[in-house]
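# Structural description and commentary
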Amino acid sequence: MMITFHFLLIFSAIFRVLLIMYGEWQDGHMEVRYTDVDYLVFSDAAILMSSGASPYNRATYRYSPLLAFLLLPNASLHPSWGKFLFSASDLLVGIFIRDILKMRGVSDMPCLFSVMVWLFNPFTFTIGTRGNCEPIVCAAILWIIISIMKGKVFQAAFWYGLVVHFRVYPVIYVLPIILILDPQYLQSGHMPVLTPWKAHWPNQSDGVEMSNANFILSAVGSILTRARVLFGLVSGSVFLGCTWLSFYLYGREFLNEAVLYHLTRTDPRHNFSIYFYHIYLHYENDFSLLEKLISFLPQLTVQLALIFSFARDLPFCFFVQTVAFVAFNKVITAQYFVWFFCLLPIILPWSSMKLKWEGVACILCWMVAQTHWLMWGYMLEFRGHNVFLQLWLASLLFLAANTFVLVMFIRRHKIVPIFQLVYTKSKSLGKLE
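In this report, the structure presented in the accompanying data block is examined.

Conventions used here
Sequence order as written defines the numbering, with residues in each chain counted from 1. pLDDT decides what is reported in this predicted model: residues at 70 or higher carry local features, side-chain atom pairs at 80 or more are listed and counted, and totals for whole chains, interfaces and linings draw on all residues regardless. Note: side-chain values were computed over all heavy atoms of the structure, leaving out hydrogens and water. Helix and strand definitions follow DSSP, with helices as H or I runs of at least four residues and strands as E runs of at least two, each counted in order from the N terminus. Think of it in three bands: with a 1.4 Å probe and only protein chains considered, a residue is buried below 20% of the maximum accessible area for its type, exposed above 50%, and partly exposed in between. We call two residues in contact whenever any of their non-hydrogen atoms come within 4.5 Å of each other. The Shrake-Rupley method, run with a 1.4 Å probe sphere, supplies the accessible areas, and residue values consider only the shown protein chains as cover. When two rings of Phe, Tyr or Trp (its six-membered ring) have centres within 6.5 Å they constitute a pair, described as stacked for plane angles under 30 degrees, edge-to-face for angles over 60, and tilted for the intermediate range. Nitrogen and oxygen atoms within 3.5 Å of one another constitute a polar contact, given that in protein one can donate a hydrogen and the other can accept it, and given that sequence-neighbouring residues count only through two side-chain atoms. Any two cysteine sulfur atoms lying within 2.5 Å of each other are counted as a disulfide. Exposure above 30% relative accessible area and the lack of any salt bridge qualify a residue for a patch; like charges then connect within 9 Å, and the nonpolar side chains Val, Leu, Ile, Met, Phe, Trp and Tyr within 5 Å. The term salt bridge refers to a pairing of a side-chain nitrogen on Lys or Arg with a carboxyl oxygen on Asp or Glu at a separation within 4 Å. Definition used in this section: a nonpolar core is a set of buried Ala, Val, Leu, Ile, Met, Phe, Trp, Tyr and Cys residues joined via side-chain atoms within 4.5 Å. Helices are assigned an expected span. That span is 1.5 Å times one less than the residue count. Summarising the geometry, the arc corresponds to the directions from the helix axis toward the C-beta atoms. Axis angles are defined between N-to-C directions and span 0 to 180 degrees, where every axis is a line fitted to C-alpha atoms and, for a helix, only to the segment in contact. Each angle receives one of four descriptions, namely roughly parallel if under 35 degrees, roughly antiparallel if over 145, roughly perpendicular if within 65 to 115, and oblique otherwise. Two helices cross in a left-handed way if the nearer one is turned anticlockwise from the farther one by less than a right angle. They cross in a right-handed way if the turn is clockwise. For this classification, Asp, Glu, Lys and Arg are treated as charged, while Ala, Val, Leu, Ile, Met, Phe, Trp, Tyr, Cys and Pro are nonpolar and the rest, including Gly, are polar.

Turning to the overall build of the protein, a few remarks are in order. A count of helical and extended segments in the protein gives 18 helices and 0 strands. The buried share of the protein, reckoned over its 433 residues, is 48%. Within the protein, contacts between residues at least 6 apart in sequence are counted, and of these 76% link residues at least 24 apart. On the protein, roughly 21,100 Å² of surface is accessible, and the fraction owed to carbon and sulfur atoms is 68%.

So, about the packing of aromatic side chains. Within this structure, the stated rule accounts for 38 aromatic pairs. Where Tyr-169 meets Tyr-173, the ring centres are 6.3 Å apart and the plane angle is 75°; that geometry is what we call edge-to-face. For the pair shown, Tyr-169 and Tyr-173 are each scored as buried. Aromatic pair Phe-340 and Phe-341: ring centres 5.2 Å apart, planes at 65°, arrangement edge-to-face. According to the relative accessible area criterion, Phe-340 is buried, its value standing at 6%. Assessed through its relative accessible area of 13%, Phe-341 is described here as buried.

For His-165, the position within the fold is in helix 9 (residues 153-166). We classify His-165 as buried; its relative accessible area is 9%. Engagement of the side chain of His-165 in a polar contact is seen with the side chain of Ser-64, the distance being 2.8 Å. At 3.5 Å, the side chain of His-165 and the side chain of Thr-243 are in polar contact.

On to the state of the cysteines. Applying the stated criterion across every chain yields a total of 0 disulfides. Residue Cys-365 stays outside any disulfide, its sulfur separated by 7.2 Å from that of Cys-362, the closest cysteine.

A grouping of Ile-10, Ile-14, Val-17, Leu-18, Met-21 and Phe-84 is seen on the molecular surface, where their side chains present a nonpolar patch of about 570 Å² in accessible area. With 5 residues, the top contributor of residues to the nonpolar patch is helix 1 (residues 5-29). Take Val-17: it is sitting in helix 1. Using a relative accessible area of 34% as the deciding quantity, one classes Val-17 as partly exposed.

The next point concerns unusual backbone geometry. Phi angles above zero are rare outside glycine, and Thr-60 is one such case at about 70°. With respect to the element layout, Thr-60 can be found in the loop between helix 2 (37-50) and helix 3 (65-70). The partly exposed category is assigned to Thr-60, whose relative accessible area is 42%.

Looking at the secondary structure, you find Val-416 in the segment after helix 18 (388-412). On the basis of relative accessibility, which here comes to 2%, the residue Val-416 falls in the buried class. C-alpha of Val-416 to C-alpha of Asp-313: the two residues are 103 residues apart in sequence and 5.7 Å apart in space.

What follows covers the pattern of salt bridges. Taken as a whole and assessed by the stated rule, the structure comprises 9 salt bridges. The partner of Lys-83 in a salt bridge is Glu-24, with the nearest N and O atoms 3.3 Å apart. A residue pair is termed long-range when its members are at least 10 positions apart, and Lys-83 in helix 5 (residues 81-103) and Glu-24 in helix 1 qualify at 59 residues. On the basis of relative accessibility, which here comes to 1%, the residue Lys-83 falls in the buried class. Under the relative-accessibility criterion, Glu-24 is labelled partly exposed at 37%. Between Arg-228 and Asp-182 there is a salt bridge, and its shortest N-O distance comes to 3.0 Å. Linking Arg-228 in helix 12 (residues 226-263) with Asp-182 in the loop between helix 10 (174-180) and helix 11 (205-221), this pair joins segments that are 46 residues apart in sequence. No difference in accessibility class separates Arg-228 from Asp-182, as the two residues are buried.

With 118 residues, the main nonpolar core has Phe-319 and Leu-343 as its most contacted residues. Those residues in contact with Phe-319 that sit more than four places away from it in its chain are Phe-340, Leu-343, Leu-344, Ile-347 and Phe-409.

On to helix 6 (residues 108-119), then. Between its first and last C-alpha, helix 6 extends 16 Å over 12 residues, near the 16 Å set by a 1.5 Å rise per residue. All of the buried residues along helix 6 are Cys-111, Leu-112, Ser-114, Val-115, Trp-118 and Leu-119. Considered in projection along helix 6, the buried side chains sweep an arc of 160° and stay on one side of the axis. Against the buried residues of helix 6 lie helix 1, helix 5, helix 7 (122-130), helix 8 (134-149) and helix 16 (338-341).

In this section: the packing of helix 8 against helix 9. Two elements in contact, helix 8 and helix 9, have axes separated by 9 Å at closest approach and are oriented at 160°. The angle between the axes of helix 8 and helix 9 places the two elements in the roughly antiparallel class. With respect to the hand of their crossing, helix 8 and helix 9 are arranged in left-handed fashion. Taken together, the residues of helix 9 that come into contact with helix 8 (itself represented by Ile-136, Val-137, Ala-140, Ile-141, Trp-143, Ile-144, Ser-147 and Ile-148) are Gln-155, Ala-156, Trp-159, Tyr-160, Val-163 and Phe-166.

Axis separation between helix 5 and helix 7 bottoms out at 7 Å; the angle between their running directions is 150°. Taken together, the axes of helix 5 and helix 7 are roughly antiparallel relative to one another. Across the interface between the two elements, Lys-83, Phe-86, Ser-87 and Asp-90 from helix 5 touch Thr-124, Phe-125, Gly-128, Thr-129 and Arg-130 from helix 7. Taken together, the residues of the contact of helix 5 with helix 7 sort by class into 2 nonpolar, 4 polar and 3 charged.

Have a look at this one:
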């Protein structure tokens, strides 16, 4: 029997409902809870908001008040409402992945396989069912990509401003978005022409590199275009409007906890970042400007290099940006991995990497490095052994594993501009709806 997308979606929905029900049982009968501790924070904040109090009265709630607002039914309907909302967003990500690939002309089998990479990834289907809000952000990012592919700049800008308010990290995508909104791809009143997918792409790296340089020069030379100005004004207005409203309602509590905390965060607890050990040793002392600059420069340099290399292939640019951003960040927790897991399926049809052997090598390298880190983390947190140095060395190994995987994906990816030049396909342009 041929497996269809609708069958996968229904099966995935039932599976997630069962996981939520199982989680309720495990929370009540086992010492180790299934529910993410952050979900308890979200729920408490929603209960406080429903009673008229500030959600920031709940210690460690460091998110937009919009999240607590979305979880208000936790207080009035059922405590698991948020898990169903996050799991529904998880399924929506699967739908958006299929929509993006179909819009780009990917055939049924590669499209179905890519959707399965998201829907049946053990890491991703547990995220929503345990009560983590990241699937909402993932769905919003993919919807922004769909909006750009359709030439709907206002719609993309609105959601971009909203998602940056909701979670700060998508701000890294602003430069590639601005670059892709170029007159040579987008013309007012016309649909952009998407580059169709092909099962076998010719070797075109030299031409891509040359045209990419011309693309960057053209973008810089005509930066103030109608589409770019519209995107900047709308996204900026939405972000500032949401931020102002939140500040008006909750004052400096919101500003300190939901904005400034994430910009200046230095977590002394052990995490995957290579910077954690230095932060742990010097946490009680103020970090100098030079130390802050040294930790920020590698991340900025890598981001700019990736953007200027791959901006025309927007989904792939988002993917490599996110992998690099997480790998070089000052704080890395497991939930951050879902940020690039949602982008992986929309680049797979353009990868020449075979599951055997290179694909398996990447998976094993990443998982072994992570498991090795978790072993030392267990020894530190649960056994109380002084293994900070070993844990830091494990963080270095994990950074090396992330770098290896990133390089492998770049080497095996067929760089294909998401749009075709308008002057080469002027007769194919369709009117915007």
